[in-house]
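# Observations on the model geometry
As a plain string of letters, each chain reads:
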Amino acid sequence: MIATIIDNKIKCFDCYQIKERLKSLGFTWNKEENSWETSYSTHIENAIKNLGLNVVKRENPPKELVQELKQRHTEAFDHQIEAAALAIKEKSFLIGDEPGVGKTFTALIYAEYLLAKNITDVVFILCPASIKRQWQQEVNRWLGETAYVVNGDKKKREKIFWSIKNTKNIKIVILNYELLLAKDVYEFLNSFKSFTLVIDEASRVKNQKSKTFKALYSLAKKTDHKIAMTGTPLENSLQEFWAIGYILKGSSFMSWEEFESKHVYYTEIKPKHLNFSIKKISGYRNLKSFIARISPFYIRRKKADLKQMPILTEYTLEIEQSSLQEKLERYILEMAFEGVRNEMEALTKLSLLRVIADDPRLLLQSDSSYALSVAKKFDEEIRQIKKNQKIEEVKEIIKEHGDKKVIILTQFKKMAEMLFKEFQDAILITGDDSNDKKATKVGMFKNKDYKILIGTDALTYGISIDEADVLINFDIPWSIGKIIQRRDRIYRISSTRPKWVYYLVSEGTEKKV
């Protein structure tokens with residue numbers, strides 16, 4: 001049994017066995033939240049403690065702090081100031097707002113305050129590699145500061161570390177999670193006596209047995225000041241939120257053993273080739289009490305609930321190239337004009353760069369003799385590809401948006417077919433479909449339990465799909481007109497619901513174009 005005290009309300013969860021006692025104290029049943037609640041008083045707080053309830057509190061931040069933050073950041077919305085103030089008061093905090101609500105600026109308000117008050121010497125922003133540059137731009141936009149991005153091999157990183165150490169005005173450093181596993185990076189981070197962690201898309205560090213989780217937890221233990229962000233709905237995976245809570249608060253939040261015993265259902269699976277069973281998480285329980293436990297340092301707001309928010313939010317995500325993609329790109333650029341008879345032939349060869357940016361495996365399925373000759377030269381390496389970084393990014397975006405309907409668009413039919421194989425609840429539309437068949441499939445997506453619609457640019461003409469709230473451009477057309485056509489599938493000036501548009505841009509030629 002657990003109770004929360006937030007915003008002058010006391011709410012009790014999983015308290016059915018003492019409901020009569022709660023009624024006598026003036027509690028009423030809130031059907032929507034499955035909780036017993038009443039207005040706060042010290043008398044009632046003491047009374048429920050005597051009933052054996054675990055009481056967790058989140059007090060409002062001081063009004064003076066809220067006012068100061070408003071003066072320091074006049075561009076911020078009220079909900080951003082509120083969350084930043086709560087984070088400053090709690091020291092470690094989790095912002096779970098859905099995408100587009102402004103988590104990035106909120107985290108920067110938090111970080112800027114700690115730097116300005118000399119509470120911390122440096123801020124480390126940890127995020128996926130695809131958004132490191134975006135973070136750098138946001139730091140400059142909102143704080144007018146230059147942030148250092150850590151990347152490259154060990155030799156290049158040594159130069160970056162030297163610059164950071166010897167430049168007085170560098171106080172914000174951005175790096176991706178994978179770099180935590182590099183010894184030189186971990187030692188550099190630990191060389192600072194006072195630092196703050198900003199942990200973006202924190203749900204990606206969800207496996208407590210992984211090396212990345214252990215490295216991040218080890219680093220997090222050395223500072224009181226940490227702010228984590230995720231757009232993933234809590235209900236989607238309690239394990240991820242336990243992991244984030246543990247990184248932020250350690251064992252004072254909840255040990256893994258306690259989490260298992262109170263919130264996890266297991267199923268035993270016995271694979272045919274093994275002589276023993278394997279335990280697999282099959283579900284979660286006591287959701288409300290988990291929310292109550294995390295609520296003192298967790299807040300989530302939805303875009304639709306905030307009057308100040310814009311309807312359309314657009315993101316450009318830079319996707320790091322694999323070593324094979326870099327090698328293929330260099331080869332094509334070197335060979336593009338060798339033996340060509342005209343400009344059109346050279347452009348045809350260069351167009352393969354767009355294919356490679358999506359997935360080199362597409363070369364194996366091409367009808368182009370030149371593409372097949374390139375594929376033959378790199379055949380063994382292409383066939384060894386096991387993971388596509390763009391596809392992984394798509395999965396994370398879909399996960400963050402919960403139950404919202406999503407459209408994924410690509411220029412290439414084979415890429416659309418490859419994406420279709422990755423998702424169970426998806427519909428595929430390509431140029432091979434007749435107009436009647438397209439209309440039928442679009443109708444099925446709009447009206448039935450299909451969450452994902454995957455299509456080529458055959459889907460972008462004359463079809464409006466307002467039922468979808470998220471559009472993912474898996475690749476970018478080399479025409480502004482086509483980009484606008486894609487966006488307009490889900491967005492109109494008359495749209496009343498929030499909409500999100502993502503542009504996945506592979507580093508290299510696609511980014512330059």
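Our subject is the structure listed above.
Attention in this report is confined to the structure presented alongside it. Since we're looking at a predicted model, the values are computed, not measured. All chains use their own residue numbering, which begins from 1 and follows the written sequence. The predicted origin of the model limits local features to residues at a pLDDT of at least 70 and limits the giving and counting of side-chain atom pairs to 80 or more, whereas totals for whole chains, interfaces and linings rest on all residues. The side-chain values count all of the structure's non-hydrogen atoms but skip hydrogen atoms and water molecules.

### Focus: the overall build of the protein
When helices and strands are tallied, the protein shows 22 helices and 20 strands. A radius of gyration in this sense is built from C-alpha atoms; the matching globule rule multiplies 2.2 Å by the number of residues raised to 0.38. In terms of overall size, the protein behaves like a compact globule, its C-alpha atoms giving a radius of gyration of 26 Å where 513 residues would be expected to give roughly 24 Å. Summarising its shape, the C-alpha atoms of the protein cover approximately 90 × 60 × 60 Å along the three principal directions. Each residue's exposure class comes from its accessible area (1.4 Å probe, protein chains only) as a fraction of the maximum for that residue type: buried when under 20%, exposed when over 50%, partly exposed otherwise. Scored against the burial criterion, the 513 residues of the protein give a buried share of 54%. In this description, contact between two residues means that some pair of their heavy atoms is separated by no more than 4.5 Å. Across the protein, the fraction of contacts at a sequence separation of at least 24, relative to all contacts at a separation of at least 6, is 70%. With the model as given, the accessible surface of the protein reaches about 25,400 Å², and the carbon-plus-sulfur share is 48%. A run of H or I in DSSP becomes a helix once it reaches four residues, and a run of E becomes a strand once it reaches two; helices and strands are each numbered from the N terminus. In short, Shrake-Rupley with a 1.4 Å probe defines the accessible areas, and a residue's cover is counted only from the protein chains shown.

### Structural notes on a nonpolar patch on the surface
Residues enter patches when their relative accessible area tops 30% and they take part in no salt bridge; the joining distance is 9 Å for like charges and 5 Å for the nonpolar side chains Val, Leu, Ile, Met, Phe, Trp and Tyr. Here, a salt bridge means any Lys or Arg side-chain nitrogen found within 4 Å of an Asp or Glu carboxyl oxygen. The grouping of I269, F276 and I278 at the surface amounts to a nonpolar patch, some 270 Å² of accessible area in total. On the basis of relative accessibility, which here comes to 38%, the residue I269 falls in the partly exposed class.

### Concerning the nonpolar core
What makes a nonpolar core is a set of buried Ala, Val, Leu, Ile, Met, Phe, Trp, Tyr and Cys residues whose side-chain atoms join them at distances within 4.5 Å. Core analysis: the biggest nonpolar cluster contains 128 residues, and W135, W242, F290, L363, I408 and I472 have the highest contact counts within it. If we skip the residues at most four places from it in the chain, F290 touches L234, L238, F241, W242, F253, M254, F259 and H263. In this structure, L409, Y491, V501 and Y503 belong to the second largest nonpolar core, which totals 19 residues.

### Section: the packing of aromatic side chains
Two rings belonging to Phe, Tyr or Trp (six-membered ring only in the last case) form a pair when the distance between their centres is within 6.5 Å. Interplanar angles under 30 degrees mark stacking, angles over 60 mark edge-to-face geometry, and anything in between is tilted. Counted according to the given criterion, the structure contains 21 aromatic pairs. Consider the rings of W242 and F259, whose centres lie 6.1 Å apart with planes at 25 degrees: the pair is stacked. In this pair, W242 sits in helix 10 (residues 238–249) while F259 sits in helix 11 (residues 256–263), placing the two residues 17 residues apart along the sequence. Residue classification places W242 among the buried residues on the basis of a relative accessible area of 2%. If you follow K390 out to its NZ or CZ, it ends over the ring of F474, 5.3 Å from the centre. The rule for a charge over a ring is simple: NZ of Lys or CZ of Arg within 6 Å of the ring centre, and within 35 degrees of the ring normal. Above the plane of the ring of F445 lies K405, whose end atom (NZ or CZ) is 4.8 Å from the centre.

### Considering unusual backbone geometry
One non-glycine residue, K91, lies in positive phi territory at about 75 degrees. The backbone of E201 sits at a positive phi, close to 45 degrees, despite the residue not being glycine. Within the secondary structure, E201 sits in the loop between strand 10 (195–199) and helix 9 (211–220).

### Some points on the sheet that holds strand 5 (residues 54–58)
In this scheme, strands are said to pair when DSSP sees at least two bridges between them. The five strands are arranged 3-4-2-1-5 in an open sheet whose pairing can be described as mixed. With partners counted over all chains shown, the strands left at the sheet margins are strand 3 (28–30) and strand 5, one partner each. For this sheet the average axis-to-axis angle between neighbouring strands, irrespective of direction, equals 30 degrees. Sheet topology places strand 3 next to strand 4 (residues 35–39); three bridges connect them, and they run antiparallel. When the sheet's bridge partners are listed, W29 is paired in strand 4 with W36. Here an axis means a line fitted to C-alpha atoms, over the contact stretch when the element is a helix, while the angle between two N-to-C directions is reported on a 0 to 180 degree scale.

### As for the environment of Q239
Mapped onto the secondary structure, Q239 falls in helix 10. Spatially, the C-alpha atom of Q239 lies 8.5 Å from that of V264, the residues being 25 residues apart in sequence. Apart from the residues lying within four places of it in its own chain, the contact partners of Q239 are K206, Q208, W256, F259, I281 and Y284.

### Notes on the environment of D359
Examined against the element boundaries, D359 turns out to sit in the loop between helix 15 (352–358) and helix 16 (369–377). Discounting residues that sit within four places of it in the chain, D359 has contacts with I385, N388, M415 and M418. Here R361 takes part through its side chain, which lies 2.7 Å from a polar atom of the side chain of D359. Counting of polar contacts relies on pairs of N or O atoms within 3.5 Å, with two restrictions inside protein: one atom must be capable of donating a hydrogen and the other of accepting it, and residues adjacent in sequence are counted only when both atoms are side-chain atoms.

### A few points about the pairing of strand 20 (residues 499–506)
The element strand 20 is extensively covered by neighbouring structure, given that eight of its eight residues are classed as buried. Side chains K499, V501, Y503 and V505 project from strand 20 onto one buried face, and the interleaved W500, Y502, L504 and S506 project onto a second face that is buried too. Of the strand pairs in this sheet, strand 15 (residues 312–319) and strand 20 are connected by eight bridges, and their pairing is parallel. Residue pairing for strand 20: E314 is matched across the bridge by V501.

### A short note on the pattern of salt bridges
Scanning the entire structure with this criterion turns up 34 salt bridges. In this structure, E396 engages R204 in a salt bridge whose closest nitrogen and oxygen atoms are separated by 3.8 Å. On the criterion of sequence distance, the pair formed by E396 in helix 18 (residues 389–400) and R204 in the loop between strand 10 and helix 9 is long-range, its members being 192 residues apart. We note a salt bridge from D475 to R486, for which the minimum N-O separation is 3.3 Å. Of the two residues, D475 is situated in the loop between strand 19 (470–473) and helix 21 (480–487) and R486 in helix 21; the sequence distance between them amounts to 11 residues.

### Considering helix 20 (residues 435–447)
Multiplying 1.5 Å by the residue count of a helix minus one yields the expected span of that helix. Between the first and last C-alpha of helix 20 there are 18 Å, a value that for 13 residues agrees with the 18 Å anticipated at 1.5 Å per step. Of the residues making up helix 20, those classed as buried are K438, K441, V442 and F445. Down the axis of helix 20, the smallest arc covering the buried residues is 100 degrees, so these residues share one side. In helix 20, the exposed positions that point more than 90 degrees away from the buried face belong to D436, A439 and N447. Packed against the buried residues of helix 20 are strand 16 (406–409), strand 17 (426–429) and strand 18 (452–455). The reported arc concerns the directions from the helix axis to the C-beta atoms and nothing else.

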